[in-house]
Amino acid sequence: IEAICRLEKIDVIFPSLDPEVYLFAKNKQRLAKQGVLTVVADPEVIRIPMDKALTTRVAERVGFPCPRTWFPDSAAAVEQIPLESKPPWIVKPRFTAHGANMVYVDSAADLAAAFARVSAAQQAPIIQEYLPGGLRCNYYVTVGRDGELISMLTPRVTRTHRVGYKVGSKSSVSASTGPCVDELRALLRELGLWGGYTIQTQIDPRDGRPKLLEINARFGHHLW
């Protein structure tokens, strides 16, 4: 990376994928000494939003809507989930990008095996209820060092693209406000964030509320 920066005379870098974000955050001071500005917050700032389990726990604490989520720490805890809820579920690694290694489970008999498979790749995954519908509501935010919103864009999705159980936005209309903004502000303050972030939510058709999926510690690619 340093050789590329020297060869191409690069002086600003915008990381655009979560694993790269953390890599550049850890090395931002090293790059700064070479005259390269890396547009990313410090590693200790982005650690929690990059962890889906910690993010969800904080969101639940401040009242930001979330899918029903379990944090099982044993096989017995996983076996309890079908006794208190119905499929389908999503088994998620705590750290991932573009949905890598997530597993959709539509049968109670398959949940334990799916959890074990995800756990083998990354410890302590979470399990969430699957939200029907697929209508996304993303908040693209810039946050000051005081934890307050500087800017927010919340596009209204007009057309979606579905691949299996995953649904992405195909086209949208620009909008500068959206639902649950007060809860969003509380979440940003509680996380102690500053910098640019994409808060990904999905509208739950059962109650019409946006439910938190994850936070990307970077500007969303829709803004490029």
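Residues numbered from 1 in each chain as written. Predicted model: local features only at pLDDT ≥ 70, side-chain atom pairs only at ≥ 80, totals over all residues. Heavy atoms only, no water.

## Here we look at the sheet that holds strand S5 (residues 103–105)
For step 1, the next point in the chain: Read across the open sheet, the four strands follow the order S3-S6-S4-S5; overall the sheet is antiparallel. Lying at the two open borders of the sheet, with one neighbouring strand each, are strand S3 (69–70) and S5.
For step 2, the next point in the chain: This element, helix H7 (residues 111–121), spans strand S4 (89–92), S5 and strand S6 (126–129) of the sheet and lies at about 20 degrees to S4. (Pairing = 2+ DSSP bridges. Helix = DSSP H or I, 4+ residues; strand = E, 2+ residues; numbered from the N terminus. Contact = heavy atoms within 4.5 Å. Axes fitted to C-alpha atoms, helices over the stretch in contact; angles between N-to-C directions.)

## Things to note about the layout of surface pockets
For step 1, the next point in the chain: Looking at the second largest pocket, its volume works out to about 230 Å³.
For step 2, the next point in the chain: In terms of lining, the second largest pocket is formed by 19 residues, of which the most central are Val39, Val40, Ala41, Gly195 and Gly196.
For step 3, the next point in the chain: Going through the elements one at a time, strand S7 (136–143) and strand S11 (195–204) are the ones with two or more residues in the lining of the second largest pocket.
For step 4, the next point in the chain: Sort the elements by how many residues they give to the lining of the second largest pocket and S11 lands first, with three residues.
For step 5, the next point in the chain: When grouped by side-chain class, the residues that make up the lining of the second largest pocket number twelve nonpolar, four polar and three charged. (1 Å grid on protein atoms, 1.4 Å probe; cavity = no way out; pocket = protein on both sides within 12 Å on 5 of 7 lines; lining within 4 Å. Points joined across faces, edges and corners; volume = space filled by probe spheres on them. Nonpolar A, V, L, I, M, F, W, Y, C, P; charged D, E, K, R; others polar.)

## Description of the sheet that holds S7
For step 1, the next point in the chain: Read from one edge of the open sheet, four strands run S8-S7-S11-S12, paired in antiparallel fashion. What marks the edges here is a single partner per strand, and that holds for strand S8 (149–153) and strand S12 (209–216). Geometrically, the sheet is characterised by an average inter-axis angle of 30 degrees between neighbouring strands, direction not taken into account.
For step 2, the next point in the chain: Pairing between S11 and S12: seven bridges, direction antiparallel. Within S12, the residue paired with Gln202 across the bridge is Lys211.

## Let's talk about unusual backbone geometry
For step 1, the next point in the chain: For the bond from Pro87 to Pro88, the omega torsion is 5 degrees, close enough to zero to count as cis.
For step 2, the next point in the chain: Along the polypeptide, Pro88 turns up in the loop between helix H6 (75–84) and S4.
For step 3, the next point in the chain: Positioned with a positive phi, Ala124 is a non-glycine residue whose angle comes to about 55 degrees.
For step 4, the next point in the chain: Within the fold, Ala124 resides in the loop between H7 and S6.
For step 5, the next point in the chain: Positive phi is not limited to glycine here, since Cys180 has a value of about 60 degrees.
For step 6, the next point in the chain: Mapped onto the fold, Cys180 is located in the loop between strand S10 (166–173) and helix H8 (181–191).

## Details of the nonpolar core
Buried together is how nonpolar side chains tend to be arranged in soluble globular proteins.
For step 1, the next point in the chain: The biggest cluster of nonpolar side chains holds 31 residues, and the ones touching the most others in it are Ile46, Tyr139, Val141, Tyr197 and Ile199.
For step 2, the next point in the chain: When residues of this core are traced back to their parent elements, those giving at least two are helix H2 (18–26), helix H4 (43–46), helix H5 (52–62), S7, S8, H8, S11 and S12.
For step 3, the next point in the chain: Membership of the second largest hydrophobic core comes to twelve residues, among which are Val78, Trp89, Ala114 and Ile127. (Core = buried A, V, L, I, M, F, W, Y, C linked by side-chain atoms within 4.5 Å. Buried < 20%, exposed > 50% of the residue type's maximum accessible area, 1.4 Å probe, protein only.)

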